Amino acid sequence: MKVTGYRIQQALRAEQDRRELAETRFTASLRAFPGEEDGDPIQRMKELQECEERIALFQAAQTAFNVAVQLNVLGQKMSLLAAVKLVGGAGRREKLWRDAAKDPPSYERTRDRDAIVAKRMVPQDKCAELAVEAGRWARALRAAIQGGNAVEISVEMLDGVELA
(Lines give C-alpha, C1' and ligand atoms only; values in the text may rest on other atoms or scores of the structure.)
Protein backbone atom coordinates (compact mmCIF):
# COMPACT_ATOMS: atom_id res chain seq x y z
CA MET A 1 0.00 0.00 0.00
CA LYS A 2 1.27 3.48 -0.83
CA VAL A 3 1.21 5.76 2.20
CA THR A 4 2.78 8.90 3.60
CA GLY A 5 4.25 9.19 7.06
CA TYR A 6 1.39 11.51 7.97
CA ARG A 7 -1.17 8.88 7.01
CA ILE A 8 0.56 6.29 9.19
CA GLN A 9 0.67 8.78 12.08
CA GLN A 10 -3.07 9.46 11.74
CA ALA A 11 -3.89 5.74 11.65
CA LEU A 12 -1.71 5.15 14.71
CA ARG A 13 -3.37 7.97 16.68
CA ALA A 14 -6.85 6.76 15.72
CA GLU A 15 -6.01 3.24 16.87
CA GLN A 16 -4.57 4.54 20.14
CA ASP A 17 -7.86 6.40 20.71
CA ARG A 18 -9.76 3.17 19.99
CA ARG A 19 -7.55 1.33 22.48
CA GLU A 20 -8.31 3.89 25.17
CA LEU A 21 -12.04 3.40 24.58
CA ALA A 22 -11.63 -0.39 24.57
CA GLU A 23 -9.87 -0.21 27.94
CA THR A 24 -12.73 1.87 29.36
CA ARG A 25 -15.32 -0.53 27.96
CA PHE A 26 -13.44 -3.54 29.36
CA THR A 27 -13.25 -2.02 32.84
CA ALA A 28 -16.95 -1.08 32.72
CA SER A 29 -17.88 -4.64 31.73
CA LEU A 30 -16.24 -6.23 34.78
CA ARG A 31 -19.11 -5.39 37.18
CA ALA A 32 -22.77 -4.77 36.53
CA PHE A 33 -26.06 -4.70 38.32
CA PRO A 34 -28.58 -7.32 37.22
CA GLY A 35 -30.11 -6.36 33.89
CA GLU A 36 -27.44 -3.71 33.20
CA GLU A 37 -24.63 -5.86 31.77
CA ASP A 38 -22.27 -3.84 29.62
CA GLY A 39 -20.89 -6.57 27.39
CA ASP A 40 -18.82 -9.65 27.99
CA PRO A 41 -15.43 -8.85 29.59
CA ILE A 42 -13.75 -11.63 27.60
CA GLN A 43 -15.05 -10.18 24.32
CA ARG A 44 -14.08 -6.68 25.44
CA MET A 45 -10.54 -7.94 26.13
CA LYS A 46 -10.41 -9.45 22.63
CA GLU A 47 -11.33 -6.04 21.21
CA LEU A 48 -8.56 -4.49 23.29
CA GLN A 49 -6.07 -7.08 22.04
CA GLU A 50 -7.05 -6.33 18.42
CA CYS A 51 -6.32 -2.65 19.04
CA GLU A 52 -2.92 -3.52 20.53
CA GLU A 53 -2.07 -5.67 17.50
CA ARG A 54 -3.05 -2.90 15.06
CA ILE A 55 -1.00 -0.37 17.04
CA ALA A 56 2.01 -2.70 16.84
CA LEU A 57 1.47 -3.10 13.09
CA PHE A 58 1.26 0.66 12.54
CA GLN A 59 4.34 1.27 14.69
CA ALA A 60 6.28 -1.34 12.71
CA ALA A 61 5.05 0.23 9.45
CA GLN A 62 6.08 3.66 10.71
CA THR A 63 9.56 2.38 11.50
CA ALA A 64 9.84 0.73 8.07
CA PHE A 65 8.68 3.98 6.45
CA ASN A 66 11.13 6.05 8.51
CA VAL A 67 14.03 3.77 7.55
CA ALA A 68 13.08 3.71 3.85
CA VAL A 69 12.69 7.49 3.42
CA GLN A 70 16.08 9.13 2.89
CA LEU A 71 16.72 12.80 3.60
CA ASN A 72 19.39 15.38 2.93
CA VAL A 73 19.82 17.67 5.92
CA LEU A 74 22.24 20.49 5.18
CA GLY A 75 24.23 18.17 2.91
CA GLN A 76 24.18 15.23 5.30
CA LYS A 77 22.33 12.16 4.08
CA MET A 78 20.30 10.22 6.63
CA SER A 79 17.12 8.26 7.06
CA LEU A 80 13.95 9.90 8.31
CA LEU A 81 14.32 7.68 11.38
CA ALA A 82 17.77 9.14 12.14
CA ALA A 83 16.44 12.69 11.72
CA VAL A 84 13.56 11.96 14.11
CA LYS A 85 16.03 10.60 16.67
CA LEU A 86 18.37 13.61 16.27
CA VAL A 87 15.87 16.45 16.39
CA GLY A 88 15.22 16.35 20.14
CA GLY A 89 18.89 16.64 21.02
CA ALA A 90 19.37 19.37 18.43
CA GLY A 91 16.63 21.45 20.04
CA ARG A 92 18.10 20.91 23.51
CA ARG A 93 21.57 21.99 22.34
CA GLU A 94 20.13 25.13 20.78
CA LYS A 95 18.36 26.01 24.05
CA LEU A 96 21.47 25.38 26.14
CA TRP A 97 23.62 27.66 23.94
CA ARG A 98 20.88 30.32 23.93
CA ASP A 99 20.70 30.19 27.72
CA ALA A 100 24.51 30.35 27.94
CA ALA A 101 24.49 33.44 25.72
CA LYS A 102 22.01 35.15 28.08
CA ASP A 103 24.00 34.27 31.21
CA PRO A 104 25.52 37.45 32.67
CA PRO A 105 29.27 37.65 33.23
CA SER A 106 30.25 36.02 36.52
CA TYR A 107 31.46 39.29 38.10
CA GLU A 108 27.84 40.44 38.16
CA ARG A 109 27.02 37.68 40.63
CA THR A 110 28.88 39.18 43.57
CA ARG A 111 29.55 42.59 45.10
CA ASP A 112 32.47 41.42 47.19
CA ARG A 113 35.64 42.92 45.71
CA ASP A 114 37.85 40.19 47.17
CA ALA A 115 35.68 37.31 46.04
CA ILE A 116 37.05 34.77 43.61
CA VAL A 117 34.67 34.58 40.69
CA ALA A 118 34.32 31.87 38.11
CA LYS A 119 35.65 32.77 34.70
CA ARG A 120 33.39 32.34 31.71
CA MET A 121 34.78 29.52 29.55
CA VAL A 122 32.97 30.55 26.36
CA PRO A 123 32.33 34.24 25.64
CA GLN A 124 28.70 35.33 25.29
CA ASP A 125 29.19 36.26 21.65
CA LYS A 126 30.52 32.78 20.88
CA CYS A 127 27.59 31.22 22.78
CA ALA A 128 25.19 33.30 20.70
CA GLU A 129 26.96 32.21 17.51
CA LEU A 130 26.77 28.56 18.58
CA ALA A 131 23.08 28.97 19.45
CA VAL A 132 22.38 30.25 15.94
CA GLU A 133 24.32 27.34 14.44
CA ALA A 134 22.52 24.79 16.63
CA GLY A 135 19.17 26.40 15.78
CA ARG A 136 19.92 26.18 12.08
CA TRP A 137 20.59 22.44 12.42
CA ALA A 138 17.44 21.87 14.51
CA ARG A 139 15.26 23.79 12.03
CA ALA A 140 16.80 21.92 9.09
CA LEU A 141 16.03 18.61 10.79
CA ARG A 142 12.42 19.67 11.48
CA ALA A 143 11.93 20.82 7.89
CA ALA A 144 13.44 17.61 6.52
CA ILE A 145 11.21 15.52 8.79
CA GLN A 146 8.12 17.35 7.55
CA GLY A 147 9.17 16.83 3.95
CA GLY A 148 10.01 13.19 4.60
CA ASN A 149 6.63 12.50 6.14
CA ALA A 150 4.96 13.92 3.03
CA VAL A 151 6.72 11.39 0.76
CA GLU A 152 4.49 8.60 -0.49
CA ILE A 153 6.04 5.14 -0.65
CA SER A 154 4.83 1.58 -0.67
CA VAL A 155 4.83 -0.18 2.71
CA GLU A 156 4.09 -3.83 2.04
CA MET A 157 3.09 -4.76 5.58
CA LEU A 158 0.07 -2.45 5.18
CA ASP A 159 -1.19 -4.19 2.04
CA GLY A 160 -4.83 -5.02 2.65
CA VAL A 161 -4.97 -3.09 5.94
CA GLU A 162 -7.61 -0.41 6.30
CA LEU A 163 -6.21 2.86 7.61
CA ALA A 164 -8.40 5.27 9.52
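Read on for a plain summary of the structure. (Residues numbered from 1 in each chain as written. Predicted model: local features only at pLDDT ≥ 70, side-chain atom pairs only at ≥ 80, totals over all residues. Heavy atoms only, no water.)

## With respect to the pattern of salt bridges
A complete count under the given rule lists nine salt bridges for this structure. Across the pair Arg19 and Glu52 runs a salt bridge whose closest N-O atoms are separated by 3.3 Å. Of the two residues, Arg19 sits in helix H1 (residues 5–29) while Glu52 sits in helix H2 (residues 41–68), which places them 33 residues apart along the sequence. Since its relative accessible area comes to 23%, Arg19 is described here as partly exposed. Take Glu52: its relative accessible area is 30%, and that puts it in the partly exposed class. Residues Glu129 and Lys126 are paired through a salt bridge, measuring 3.2 Å at the closest nitrogen-oxygen approach. Here the residue Glu129 and the residue Lys126 both occupy positions in helix H4 (residues 124–150), the gap between them amounting to three residues, near one helical turn. What makes Glu129 partly exposed here is its relative accessible area of 44%. With a relative accessible area of 36%, Lys126 lands in the partly exposed category. What you see here is one network of salt bridges that share partners, running through Glu15, Arg18 and Arg54. (Salt bridge = Lys/Arg side-chain N within 4 Å of Asp/Glu carboxyl O. Helix = DSSP H or I, 4+ residues; strand = E, 2+ residues; numbered from the N terminus. Buried < 20%, exposed > 50% of the residue type's maximum accessible area, 1.4 Å probe, protein only.)

## Description of the packing of H1 against H4
Viewed as axis vectors pointing N to C, H1 and H4 meet at an angle of 85 degrees, and their least axial separation amounts to 5 Å. Judged on the interaxial angle alone, H4 and H1 are roughly perpendicular. Here Gly5, Tyr6 and Gln9 of H1 come into contact with H4, specifically with Gln146, Asn149 and Ala150. Residues that form the contact of H1 with H4 fall into these classes: two nonpolar, four polar and no charged. (Axes fitted to C-alpha atoms, helices over the stretch in contact; angles between N-to-C directions. Parallel < 35°, antiparallel > 145°, perpendicular 65-115°, else oblique. Contact = heavy atoms within 4.5 Å. Nonpolar A, V, L, I, M, F, W, Y, C, P; charged D, E, K, R; others polar.)

## Comments concerning the nonpolar core
Formed by 27 residues in total, the largest nonpolar core has its most connected members in Val73, Leu141 and Leu158. Of all the secondary-structure elements, those providing two or more residues to this core are H1, H2, strand S2 (70–73), helix H3 (80–102) and H4. The element that contributes the greatest number of residues to this core is H4, accounting for six residues. Residues contacting Val73, with those up to four places away along its chain left out, are Met78, Trp137, Ala140, Leu141 and Ala144. (Core = buried A, V, L, I, M, F, W, Y, C linked by side-chain atoms within 4.5 Å.)

## As for the side chain of Ser29
Within the secondary structure, Ser29 is located in helix H1. Polar side-chain contacts of Ser29 include one of 2.7 Å to the backbone oxygen of Phe26. Once residues within four sequence positions are removed from consideration, Ser29 is found in contact with Asp38, Gly39, Asp40, Pro41 and Arg44. (Polar contact = N/O pair within 3.5 Å; in protein donor to acceptor, adjacent residues only side chain to side chain.)

## Observations concerning the environment of Ile145
Counting through the fold element by element, Ile145 comes out in helix H4. With relative accessibility at 13%, the residue Ile145 sits in the buried group. On a C-alpha basis, the gap between Ile145 and Asn66 in space is 9.5 Å, while along the polypeptide they are 79 residues apart.

## A word on the layout of surface pockets
Empty space within the largest pocket amounts to approximately 160 Å³. For the lining of the largest pocket, the secondary structure elements donating two or more residues are H1, H2, H3 and H4. Sort the elements by how many residues they give to the lining of the largest pocket and H3 lands first, with four residues. In terms of residue class, the lining of the largest pocket is built from five nonpolar, five polar and one charged. (1 Å grid on protein atoms, 1.4 Å probe; cavity = no way out; pocket = protein on both sides within 12 Å on 5 of 7 lines; lining within 4 Å. Points joined across faces, edges and corners; volume = space filled by probe spheres on them.)

## A look at the pairing of strand S3 (residues 76–79)
Of the pairings in the sheet, the one linking S2 to S3 comprises four bridges and is antiparallel in character. By the bridge assignment, Val73 is partnered in S3 with Gln76. Counted between consecutive antiparallel strands, the loop separating S2 from S3 contains two residues, among which Leu74 sits at a positive phi close to 50 degrees. (Pairing = 2+ DSSP bridges.)

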